[in-house]
Amino acid sequence: MASPTPSSVPSSGHPPSARAPINWVATIMFVVTGLVAAVGVPLYAWFFDFSLAAWVWFLVFLWASGISITAGYHRLWSHGAYEAHWSVRLFFMLFGAMAVQNSILIWCAGHRPHHRFVDDAERDPYSATRGLWFSHMGWMVRNHPSGEPDFGYVRDLERDPIVAFQHRFYVPIVLAMNVGLVALVGWASGDLWGTLLLAGFLRLVLNHHFTFFINSLAHYWGTQPYTDENTARDNPVLAFLTYGEGYHNFHHIFTHDYRNGIKWYDFDPTKWLIRGLASVGLARKLRVTPQIAIERARLDMQFKRARARLESGAVTRGRIELAQVRERIQKEYEAFTATLAEWSATREQWASAAKERVARRLEGVDLQAYAREIEARLRAQRKRVQALTLQLA
Ligand SMILES: [Zn+2]
Ligand SMILES: [Zn+2]
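Nothing here was measured: the structure is a model prediction, and the numbers come from that model.

Draft legend 1. Highlighting the coordination of the zinc ion (ligand 2). Taken together, His-114 (NE2), His-219 (NE2), His-248 (NE2) and His-252 (NE2) make up the full set of protein donors to the zinc ion (ligand 2), lying 2.1 Å away. As a motif over one chain, the donors of the zinc ion (ligand 2) read H-x104-H-x28-H-x3-H. In this pair, His-114 is assigned in helix 4 (residues 104-116) and His-252 in helix 11 (residues 248-253), connecting sequence segments 138 residues apart. Both residues of the pair, His-114 and His-252, count as buried.

Draft legend 2. Spotlight on helix 5 (residues 132-141). Within helix 5, eight of the 10 residues are buried, which leaves the element mostly enclosed by the surrounding structure. Among all positions of helix 5, only Phe-134, Ser-135, His-136, Met-137, Gly-138, Trp-139, Met-140 and Val-141 are buried. Considering only its buried residues, helix 5 is in contact with helix 1 (24-47) and helix 9 (192-215).

Draft legend 3. Expanded view of the coordination of the zinc ion (ligand 1). Taken together, His-74 (NE2), His-79 (NE2), His-111 (NE2), His-115 (NE2) and His-251 (NE2) make up the full set of protein donors to the zinc ion (ligand 1), lying 2.0 to 2.2 Å away. Between consecutive donor residues of the zinc ion (ligand 1), the sequence gaps follow H-x4-H-x31-H-x3-H-x135-H. Taken as a pair, His-74 in helix 2 (residues 52-78) and His-115 in helix 4 lie far apart in primary sequence, 41 residues in all. One exposure class covers both His-74 and His-115, and it is buried.

Draft legend 4. Representation of the packing of helix 5 against helix 9 within the structure. In the contact formed by helix 5 and helix 9, the axes pass within 9 Å of each other and the chain directions differ by 110 degrees. With respect to their mutual orientation, helix 5 and helix 9 come out roughly perpendicular. In this structure, helix 5 uses Ser-135, His-136, Met-137, Trp-139 and Met-140 to contact helix 9, whose residues at the interface are His-209, Phe-212, Phe-213 and Asn-215. Each residue belonging to the contact of helix 5 with helix 9 can be placed in one class, and the counts come to five nonpolar, four polar and no charged.

Draft legend 5. Seen up close, the packing of helix 13 (residues 291-311) against helix 15 (residues 367-390). At a minimum axis distance of 9 Å, the contact between helix 13 and helix 15 shows a crossing angle of 20 degrees. Taken as axis vectors, helix 13 and helix 15 run roughly parallel relative to one another. The hand of the helix 13/helix 15 crossing is left-handed. Across from Gln-291, Ile-292, Glu-295, Arg-296, Arg-298, Leu-299, Gln-302, Phe-303, Arg-305, Ala-306 and Arg-309 in helix 13, the residues of helix 15 making contact are Ala-371, Ile-374, Glu-375, Leu-378, Arg-379, Gln-381, Arg-382, Val-385, Gln-386, Thr-389 and Leu-390.

Draft legend 6. Representation of the nonpolar core. Trp-77, Tyr-82 and Phe-92 are the most contacted members of the largest nonpolar core, which totals 58 residues. Of all the elements in the fold, those that place two or more residues in this core are helix 1, helix 2, helix 3 (86-98), helix 4, helix 7 (161-168), helix 8 (170-188), helix 9 and helix 12 (269-279). A total of 11 residues in this core trace back to one element, the largest contributor, which is helix 2. Not counting chain neighbours up to four residues away, the residues in contact with Phe-92 comprise Ile-67, Ser-68, Ala-71, Gly-72, Tyr-73, Leu-76, Trp-77, Tyr-82, Ala-97, Leu-273 and Leu-277. Ile-292, Ala-371, Val-385 and Leu-388 belong to the second largest nonpolar core, which has 19 residues in total.

What counts and what doesn't
- Residues numbered from 1 in each chain as written.
- Chains lettered and ligands numbered in written order.
- Predicted model: local features only at pLDDT ≥ 70, side-chain atom pairs only at ≥ 80, totals over all residues.
- Heavy atoms only, no water.
- Donors = N, O, S within 2.8 Å, 3.2 Å for Na, K, Ca; no water.
- Helix = DSSP H or I, 4+ residues; strand = E, 2+ residues; numbered from the N terminus.
- Buried < 20%, exposed > 50% of the residue type's maximum accessible area, 1.4 Å probe, protein only.
- Contact = heavy atoms within 4.5 Å.
- Axes fitted to C-alpha atoms, helices over the stretch in contact; angles between N-to-C directions.
- Parallel < 35°, antiparallel > 145°, perpendicular 65-115°, else oblique.
- Nonpolar A, V, L, I, M, F, W, Y, C, P; charged D, E, K, R; others polar.
- Left-handed = near helix turned anticlockwise from the far one by under 90°.
- Core = buried A, V, L, I, M, F, W, Y, C linked by side-chain atoms within 4.5 Å.

Just geometry here; none of it tells us what the structure is for.
What follows is the structure in structure tokens.
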């Protein structure tokens, strides 16, 4: 796993070792919940054992609060990737508060700058360039200037009455959800203490770390199929723990897409939930990145990789000459730019024709079908460039 380089921290800034004052509320919460989960849960299991009901509530609350962060706090409120009915927003507000990751307003006031200034040690609140620990939890246990929420980023959200209500009554809502609701279901199922330990403490600690993994591990461990201009990575293992947020390389380039895992088999339950809500009329205006833009980004990365191999003094495997490979990659690149130019020219022509209401006279140019043809061309080209790159050792 990569470790941060000291040079990544600007000398004028505040390096990770800076003595920013400790955030006692966050620190005590992490220590107490962590200790109870690590010590109290096994002891209770040893002496009393947990009821089946406690385990069921543990799973229900883990998923309800985890997915309220990913589908609600993250994709809905931070990125406006879709619109949701008030009942859905109410659910995400309540169960998001249960995950104890601050109010929606404060969360988004940190997350929007994370995207805007990603990896900038001074302006990205959880910059991965400041180290794995810093991006995981370090940024929360001290009051770093970079972590100060800037409400200028969330003026649009202040107008959402559900968001405003949660911000105003955040602490009572957190207590009602984490103590009131958990104790209530525990009492009703006849295992009060077991439910408090499992569905309360252990569930909360897992909620915390699963989300924190997205800021830490998802910026360190995985692949970069779409961009290498920031540290974000795609990682299916992390997607499994983070309700689909492990496809973080895609997310950092196509931020407003309601999906993070774009292939049908990518494990992205947050995407499935949003699509399910849309199918019953509880979500709408789901934002999707045009497939051509996705293919273009992937092919661009493939060219970057091929060039890096060529520049690193590569030799070819097999019988093909290096000069020949270089030439073929160059030709592919020219074809790539030509395809993109052709696509944008056709699209412009189509748009202006549509404007003049003579679209039908464009000899039946079906933009959708044409887009699919361009996509296929880019996809096939990526496979060819990939094969050429593999020739370079
Ligand atoms: Zn995001
Ligand atoms: Zn990120």
